[in-house]
Amino acid sequence: MSFNGLLDLSVWQLIAVTLVLTHITIVSVTLYLHRHSAHNALDLHPVLKHFFRFWLWMTTAQNTKEWTAIHRKHHARCETEEDPHSPVVLGIRKVLLEGAELYAEAATPETLERYGQRTPEDWIERNVYSRYKMLGIMLMAVLNLALFGVHGIWIWAVQMMWIPVWAAGVVNGVGHYLGYRNFECADNARNISPWGILIGGEELHNNHHTYPNSAKLSRRWYEVDIGWGYIRLFQLFGLAKPKGYRPIAHYVPGKQEMDVETVQAITNSRFDIMRQYRKRVMEPVLRQQRSLMDDEIRPRYRKMKQLLSREATLIKPKDKEQLETVLERHEILRQIYEKSHELQRLWRQRGLKPQEKLQALMEWCKEAEASGIRYLEEFAAHLRAYSLRPVA
């Protein structure tokens, strides 16, 4: 009995228990630390909040203020020298293998002061969780040994490695290095997998960096965010309340009159608007132009397809030269490329009053409709139909 612990489980039962325990940790990180604490996208019941905080103390020795501050700094300084864990700057190998160490290095007093606001500072945080950070994981080791006997040693080891490997390493490393992009956000965030199950939905990293204040990380019909499933489950019992999970924008078929609400709606949904621009304008025009490209450029067709819609600040110098070569030889491609950047300036330019933005959008649509490019004309008409309110 003592060798196998109080529960005396089989090997398969031990594996199942380990997966359940590590899954609870993943859920605690994505719901409590990430969506609730760092981004304020989710309200949690005090009982659920404290359970997650207690569980993370037992399984990760992670301090809420430290994790929150470092993650907020990551978003504020993403892909720069000040980013705590960017594989673009530091290299994928370092972030994968030293993710936990990078977190520890980033937890400076200055970072905590600037980015660690609105995090727990109650008695138990000051006197237990922060003061005795290692006590929790020691208690977990003792508990594992009592319940699972000698097997508790490897179960505890797996628990201790789970977050450093999957969250600190894979999400922060692979999530900014490999994968697909639904949206051209200003950093290199990518969706690792459309099925966000193993890491609680954090696999959908490009979606998150595009809409960081959304409690829901999935955006396409085929994407799965298991964390959102838990939020919905907790919501049924009054334990959770998402604050927002989609941009406030509605497409109203038949709407032709443009107003201030049209500008606000497309600004709210700007990343999806640019995704539609790629699908509705850039890709069909590029297909038409492919037959006109010379033998030197035609083999780079797929690359050009990516570069035309790529966030300009993320294009490498060599790729930028290739893109400029194509745009110089194909005026129609240059035209739709420049129109895409003109559209983006509507929401990137600060200081404009709503009426000024409306006037700029109306001018953009007028020029698009007079361009002689059918796909551009149709997209201008498409923009006119957006509103902050759905069809009555």
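Please refer to the structure placed before this passage.
This one's a predicted model, so the numbers in the text were calculated from it and none came from an experiment. (Residues numbered from 1 in each chain as written. Predicted model: local features only at pLDDT ≥ 70, side-chain atom pairs only at ≥ 80, totals over all residues. Heavy atoms only, no water.)

Check the secondary structure of the protein chain and you find 19 helices and six strands. In terms of overall dimensions, the protein chain has C-alpha extents of about 80 × 50 × 40 Å along its principal axes. Counting the 392 residues in the protein chain, one finds 49% classified as buried. If you take every contact in the protein chain between residues at least 6 apart in sequence, the share linking residues at least 24 apart comes to 68%. For the protein chain, the exposed surface amounts to about 20000 Å²; the carbon and sulfur share of it is 58%. Computing the positive centroid from 52 side-chain charges and the negative centroid from 43, the protein chain places the two 3 Å apart. (Helix = DSSP H or I, 4+ residues; strand = E, 2+ residues; numbered from the N terminus. Buried < 20%, exposed > 50% of the residue type's maximum accessible area, 1.4 Å probe, protein only. Contact = heavy atoms within 4.5 Å. Areas by Shrake-Rupley, 256 points an atom, 1.4 Å probe, with all protein chains shown as cover. Lys, Arg positive; Asp, Glu negative; His and termini not counted. Charge placed at Lys NZ, Arg CZ, Asp CG, Glu CD.)

Attention now goes to unusual backbone geometry. You will see that Asn-40, though not glycine, has its phi angle at about 55 degrees, which is positive. Residue placement: Asn-40 occurs in the loop between α1 (11-38) and β1 (42-44). Phi at Arg-118 takes a positive value of approximately 60 degrees, unusual for a residue other than glycine. Its place among the elements puts Arg-118 in the loop between α7 (109-115) and α8 (123-129). For Arg-118, a relative accessible area of 67% gives the class exposed.

Think of it this way: side chains of opposite charge can pair up when their charged atoms draw near. What the rule picks out here adds up to 22 salt bridges. For Glu-324, the salt bridge identified is with Arg-334, shortest N-O distance 3.1 Å. Placement of the pair is Glu-324 in helix α16 (residues 317-329) and Arg-334 in helix α17 (residues 331-348), with a sequence separation of 10 residues. Given the relative accessible area of 33%, Glu-324 is considered partly exposed. A salt bridge links Glu-338 to Arg-334; its shortest N-O distance comes to 3.4 Å. Taken together, the residues Glu-338 and Arg-334, both in helix α17 and four residues apart, mark about one turn of the helix. (Salt bridge = Lys/Arg side-chain N within 4 Å of Asp/Glu carboxyl O.)

Under the defined criterion, the tally for this structure stands at 15 aromatic pairs. Seen from their ring centres, Trp-162 and Trp-166 are 6.0 Å apart, and the 50 degrees between their planes marks the pair as tilted. On the criterion of helical spacing, the pair formed by Trp-162 and Trp-166 is a turn pair, its members being four residues apart in helix α10 (residues 152-173). Overall, Trp-162 belongs to the buried group, its relative accessible area being 17%. A residue is classified by how much of its surface remains accessible, and Trp-166, at 24% relative accessible area, is partly exposed. Where Tyr-230 meets Phe-234, the ring centres are 6.5 Å apart and the plane angle is 25 degrees; that geometry is what we call stacked. On the criterion of helical spacing, the pair formed by Tyr-230 and Phe-234 is a turn pair, its members being four residues apart in helix α12 (residues 226-236). Taking relative accessible area as the criterion, Tyr-230 reaches 23% and is therefore assigned partly exposed. Taken together through their ring pairs, the aromatic side chains of Phe-51, Phe-52, Trp-55, Tyr-230 and Phe-234 make up a single cluster. Its end group placed over the ring of Tyr-245, Arg-232 keeps NZ or CZ at 5.5 Å from the ring centre. (Phe/Tyr/Trp six-rings, centres within 6.5 Å; stacked < 30°, edge-to-face > 60°. Lys NZ or Arg CZ within 6 Å of the ring centre and 35° of its normal.)

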